[in-house]
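Understanding the architecture of this molecule
This is what each chain is made of:
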Amino acid sequence: IARSGVPREALFITSKIPGCLDAERYIKEDLQQLGLDYIDLLLIHFPRPATACVEAWKVLEDYHARGVLKAIGVSNFKVPDLEAVLGMAKVVPAVNQVRHNVLEHDDETLALCAKHNITVEAYSPLGRGGHSGDISGNAVIKAIAARHG
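Just so you know, these numbers come straight off a predicted model, no measurement behind them.

A few points about the state of the cysteines
- Under the counting rule described, the total for this entry stands at one disulfide.
- A disulfide bridge connects Cys20 with Cys53, and the sulfur atoms are separated by 2.0 Å. Between Cys20 and Cys53, the disulfide has an S-S torsion of 80 degrees and is therefore right-handed. Taken together, the residues Cys20 in the loop between β1 (14-17) and α1 (23-34) and Cys53 in helix α2 (residues 53-65) connect sequence positions 33 residues apart.
- Residue classification places Cys53 among the buried positions, given a relative accessible area of 4%.
- Free of any disulfide, Cys113 has its nearest neighbouring cysteine sulfur in Cys53, separated by 15 Å.
- When its relative accessible area of 0% is taken as the criterion, Cys113 is described as buried.

Focus on the pattern of salt bridges
- Following the criterion strictly, the structure yields eight salt bridges and no others.
- Asp22 is the partner of Arg25 in a salt bridge, and the nearest nitrogen-oxygen pair spans 3.5 Å.
- When its relative accessible area of 40% is taken as the criterion, Arg25 is described as partly exposed.
- Relative accessible area serves as the criterion here: at 45%, Asp22 is assigned to the partly exposed category.
- The shortest N-O distance in the salt bridge between Arg99 and Glu104 comes to 3.5 Å.
- Because the salt bridges share partners, they merge into one network encompassing Asp22, Arg25 and Glu29.

Considerations on the sheet that holds β1
- Strand order in this open sheet of five strands is β1-β2-β3-β4-β5, and the pairing throughout is parallel. Strands with a single pairing partner mark the edges of an open sheet, and in this sheet they are β1 and β5 (119-123). Averaged over all neighbouring strand pairs, the angle between strand axes comes to 30 degrees, with direction disregarded.
- Contacts from α1 reach β1, β2 (39-44) and β3 (69-75) within the one sheet, and its direction differs from that of β1 by about 145 degrees.
- Contacts from α2 reach β1, β2 and β3 within the one sheet, and its direction differs from that of β3 by about 160 degrees.

Quick word on the packing of helix α3 (residues 79-86) against helix α4 (residues 107-115)
- Running from amino to carboxyl end, α3 crosses α4 at an angle of 25 degrees, the nearest separation of the two axes being 9 Å. Viewed along their axes, α3 and α4 adopt a mutual orientation that is roughly parallel. Residues Val79, Leu82, Glu83 and Leu86 of α3 pack against Glu108, Thr109, Leu112 and Cys113 of α4.
- Class assignment of the residues belonging to the contact of α3 with α4 gives a composition of five nonpolar, one polar and two charged.

What about the environment of Ala50?
- Note on placement: Ala50 falls in the loop between β2 and α2.
- For Ala50, a relative accessible area of 44% corresponds to the partly exposed category.
- A C-alpha to C-alpha distance of 8.8 Å links Ala50 and Ala84, two positions 34 residues apart in sequence.

Overview of the nonpolar core
- In terms of nonpolar packing, the biggest core is built from 28 residues, with Ile27, Ile44, Leu60, Leu69, Phe77 and Leu82 touching the most fellow members.
- Among the secondary structure elements, those contributing two or more residues to this core are α1, β2, α2, β3, α3 and α4.
- Setting aside residues no more than four positions away along its own chain, Leu60 makes contact with Ile17, Ala23, Ile27, Leu42, Ile44, Leu69, Ile72 and Gly73.

The rules behind these values
- The residue count restarts for each chain, going from 1 along the sequence in the order it is written.
- Restriction of local features to residues with pLDDT of at least 70 applies here, the model being predicted, together with a cutoff of 80 or more for giving and counting side-chain atom pairs; totals for whole chains, interfaces and linings are based on all residues.
- Excluded from the side-chain calculation are hydrogens and water; included are all heavy atoms of the structure.
- In plain terms, two cysteine sulfur atoms within 2.5 Å form what is called a disulfide here.
- Every helix listed is a DSSP run of H or I at least four residues long, and every strand listed is a run of E at least two residues long, numbered separately from the N terminus.
- Residue burial is assigned from relative accessible area. The probe radius is 1.4 Å, only protein chains are included, and a residue is buried under 20% of its type maximum, exposed over 50%, and partly exposed in between.
- A pairing counts as a salt bridge when a side-chain nitrogen of Lys or Arg comes within 4 Å of a carboxyl oxygen of Asp or Glu.
- DSSP bridges decide pairing: two strands pair if at least two such bridges lie between them.
- To obtain each axis, a line is fitted to C-alpha atoms, and for helices this fit is confined to the stretch in contact; angles are then taken between N-to-C directions over 0 to 180 degrees.
- Any two residues having at least one pair of non-hydrogen atoms within 4.5 Å are treated as being in contact.
- Angles below 35 degrees are treated as roughly parallel, those above 145 as roughly antiparallel, those between 65 and 115 as roughly perpendicular, and all remaining angles as oblique.
- Three residue categories are used. Nonpolar comprises Ala, Val, Leu, Ile, Met, Phe, Trp, Tyr, Cys and Pro, charged comprises Asp, Glu, Lys and Arg, and polar comprises the others, including Gly.
- Only buried residues count toward a nonpolar core, which is a set of Ala, Val, Leu, Ile, Met, Phe, Trp, Tyr and Cys residues joined through side-chain atoms within 4.5 Å.

Given below as structure tokens:
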């Protein structure tokens, strides 16, 4: 990043910690490995183990309060996971990054995010080959595409 010649302020850097254990260690490692004083958006990648996510969220909130994490959020959190965090959060997650496309969506999670003004960021919006969200391999979608050329 430092060698790119691009001013830091011109970059929006998102990083993830792998789960809810050792949040502080992973935040420090990310900052060190990236050579940064702050991260624009830090996500907890998976609510694993779910029992540790409230404590992890408190760590993220502390770094957010100090300006080291400009925004904090989650990834792959479903309704029970979000409710646990929201029940104690001083800072509502800015983002919930979830698999979301025409074949895979969790309407309950989307509704809860909307209720709390949590931005939903889709990953695999065009699906993933060989998975249940395989849009390009879906027979119904292929038939619709064939009808419309």
